[in-house]
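A closer look at the structure
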Amino acid sequence: MSIKLTVITSSSCELAKSYTLENGRPVGSAIAHMTSGRGDIHEIPDLQALRPLLDGLSPHQAITLGVPAVGSTLLTTRAGAEFNPDAVARTNEAFRYLDTPALFPIDVDTDAGTYHSVAEVLDALEAASPWLRDVPRVARPSASSYIGDKGLRGVHVYVAVSRGTDIPDLAKRLQIEQWATNRGRVIISKSGALLVRQLSDALVYQPSRLMFEAPPVLGEGVVRNVPAQDAWLSRSPDVLSRNGKFRTDTGLLDVQEMPKVKEIDKRRFETAVRQAKNAKRLEAKRVALDYHRANALAAGNEDGDRLGALALRAMGDRLLPPSWPIVLERNGELLRGTVADALANPDVMGGRCADPFDATRHDLTASDLRGGELVTMYGKPGIWSHKL
């Protein structure tokens, strides 16, 4: 058995968060957008070999669980790839899940304070998805955990699957199971978007998505004390389980041996999400209108009601109008334009931008340009927004 993943090494910026003391409390800096570096495919024999690999990452490194289609390679931006035939952009078009053993990640945010240890998080995941008990799994706190007095902020869990191509189906199963066990919810963002959330993050399942596993960079006076029992939690499979057939002889989860998710369970999930959204739709509309009205007034404009109405329609249709503002960064300078401008300039694809539903703000800074990304998926241009 050999599990493949990619170690990303940036030559343009650090890929680990930095913390400094401000008024006696640690404050984290935003991670910059990588514009150049390398992607090197690594192979590990099993899950236990993952720990030394992750522990050995430098602040300029992260991992992806998909691999470059061309093999280990130089990395650049989408625009840069046109001028450098030896480099590719870190996109879902250039990276892929292989039909060979891979890592399946589960990313849990614990900022709400519901869970206080890695073991508690893993217990909750196993309660929602009992099949997790049938395979080896490892877990560790996120890099932002245990900084100063912050405690546990997140947990990353890894399971080895026999085929990386099964990751999208397994991710959907995980989400459906968490909603079925009352671990799903809809929240309203500050801009009025209705966000579907559950115990673990459903947005990490992209072959080019960076997993930030390098230790944080600690400034003078900042300390990080990870409890020994949380540093690395490894659990063995339940050998007496009747579901052992899902596990290969080498400890991999064979997703294709698992029973298919029932159509009725899919419909129950869709109904639960729809009902949860409907319950908050009126409040979300008020928040969206207030948010864009306030942004317009702060910028000296009087079109806040119009922008709020357009935002509500865009969130529902998942389609931005051509006149919608976009804010991106180039060489440290904020550039303001519209959806139509971006469509007319394909060179901007692959670049970071402000979340489109924050683009009406007049006070955006470079640190705000990590909420969105101009992408091409399935041949269509778009903007990745965490508000949808």
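Described below are features of the structure shown in this document. (Residues numbered from 1 in each chain as written. Predicted model: local features only at pLDDT ≥ 70, side-chain atom pairs only at ≥ 80, totals over all residues. Heavy atoms only, no water.)

Some remarks on the overall build of the chain
Along its length, the chain carries eight helices and 21 strands. Summarising its shape, the C-alpha atoms of the chain cover approximately 65 × 50 × 50 Å along the three principal directions. For the chain, buried positions account for 47% of its 388 residues. In the chain, the proportion of contacts linking residues at least 24 apart, taken out of those at least 6 apart, comes to 71%. As presented, the chain carries roughly 18,900 Å² of accessible surface, and 50% of it is formed by carbon and sulfur atoms. Each charge class in the chain can be summarised by its mean position, and for the 48 positive and 47 negative side chains these summaries are 6 Å apart. (Helix = DSSP H or I, 4+ residues; strand = E, 2+ residues; numbered from the N terminus. Buried < 20%, exposed > 50% of the residue type's maximum accessible area, 1.4 Å probe, protein only. Contact = heavy atoms within 4.5 Å. Areas by Shrake-Rupley, 256 points an atom, 1.4 Å probe, with all protein chains shown as cover. Lys, Arg positive; Asp, Glu negative; His and termini not counted. Charge placed at Lys NZ, Arg CZ, Asp CG, Glu CD.)

Digging into the pairing of strand 1 (residues 3-10)
Looking along a regular strand, one sees side chains alternate from face to face of the sheet. Where burial is concerned, most of strand 1 is hidden: six out of the eight residues are buried. In this sheet, strand 4 (residues 37-44) lies alongside strand 1 in antiparallel orientation, the contact comprising eight bridges. Counted as the bridge partner of Ser10 is Gly37 from strand 4. Relative to strand 5 (residues 61-64), strand 1 runs antiparallel, the two sharing four bridges. (Pairing = 2+ DSSP bridges.)

Considerations on the pattern of salt bridges
The full count for this structure, using the stated rule, is 15 salt bridges. Put simply, Arg140 and Asp55 hold a salt bridge, and the shortest N to O gap is 3.0 Å. Here Arg140, found in strand 11 (residues 137-141), pairs with Asp55, found in helix 1 (residues 50-55); they are 85 residues apart in sequence, far enough to count as distant. Relative accessible area serves as the criterion here: at 9%, Arg140 is assigned to the buried category. For Asp265, the salt bridge is made with Arg268, and the minimal N-O distance between the two is 3.5 Å. Of this pair, Asp265 and Arg268 are both found in helix 6 (residues 263-298), three residues apart, which corresponds to roughly one turn of the helix. It is possible to trace a salt-bridge network through shared partners that takes in Asp123, Glu126, Arg133, Arg137 and Arg235. (Salt bridge = Lys/Arg side-chain N within 4 Å of Asp/Glu carboxyl O.)

Some remarks on the packing of aromatic side chains
What the rule picks out here adds up to two aromatic pairs. Ring geometry for Phe104 against Tyr205: centres 5.0 Å apart, planes inclined by 15°, an arrangement best described as stacked. Of this pair, Phe104 sits in strand 10 (residues 102-109) while Tyr205 is found in the loop between strand 14 (194-198) and strand 15 (217-218), placing the two residues 101 residues apart along the sequence. The two residues Phe104 and Tyr205 agree in class, both being buried. (Phe/Tyr/Trp six-rings, centres within 6.5 Å; stacked < 30°, edge-to-face > 60°.)

Re the packing of helix 4 (residues 167-180) against helix 6
Look at helix 4 against helix 6: their axes get within 10 Å of each other, and the N-to-C directions meet at 65°. Crossing geometry of helix 4 relative to helix 6 is assigned as left-handed. Contacts between helix 4 and helix 6 involve Lys172, Gln175, Ile176 and Trp179 from the first element and Asp265, Lys266, Phe269, Ala272, Val273 and Ala276 from the second. Looking at the contact of helix 4 with helix 6, its residues break down into six nonpolar, one polar and three charged. (Axes fitted to C-alpha atoms, helices over the stretch in contact; angles between N-to-C directions. Left-handed = near helix turned anticlockwise from the far one by under 90°. Nonpolar A, V, L, I, M, F, W, Y, C, P; charged D, E, K, R; others polar.)

Digging into the nonpolar core
Grouped together as the largest cluster of nonpolar side chains are 33 residues, with contacts concentrated most on Phe104, Ile106, Leu125, Val161, Leu170, Tyr205 and Leu253. Secondary structure elements with two or more residues in this core: strand 10, helix 3 (118-128), strand 12 (154-161) and helix 4. Counting residues per element, this core draws most heavily on helix 3, which supplies five residues. For Ile106, the residues in contact, after removing those within four places along its chain, are Leu125, Leu132, Val155, His156, Val157, Leu174, Ser200 and Tyr205. (Core = buried A, V, L, I, M, F, W, Y, C linked by side-chain atoms within 4.5 Å.)

Topic: the side chain of Arg90
Position of Arg90 among the secondary structure elements: in the loop between strand 8 (87-89) and strand 9 (95-96). Within the structure, Arg90 has its side chain in polar contact with the backbone oxygen of Ser208 (distance 2.6 Å). Here Arg90 is in contact with Thr76, Phe95, Ser208, Arg209 and Leu210, once residues within four sequence places are set aside. (Polar contact = N/O pair within 3.5 Å; in protein donor to acceptor, adjacent residues only side chain to side chain.)

A closer look at helix 6
Taking 1.5 Å per residue, 36 residues should reach 52 Å; helix 6 reaches 48 Å between its end C-alpha atoms and fits that length. By the largest-angle criterion, Arg281 marks the main kink of helix 6, which is about 50°. What helix 6 keeps buried is the set Phe269, Val273, Ala284, Val287, Ala288, Tyr291, His292, Asn295 and Ala296. At the exit of helix 6 stands Gly300, carrying a positive phi of roughly 80°. (Expected span 1.5 Å × (residues − 1). Bend = angle between axes of the 7 residues up to and from the residue.)

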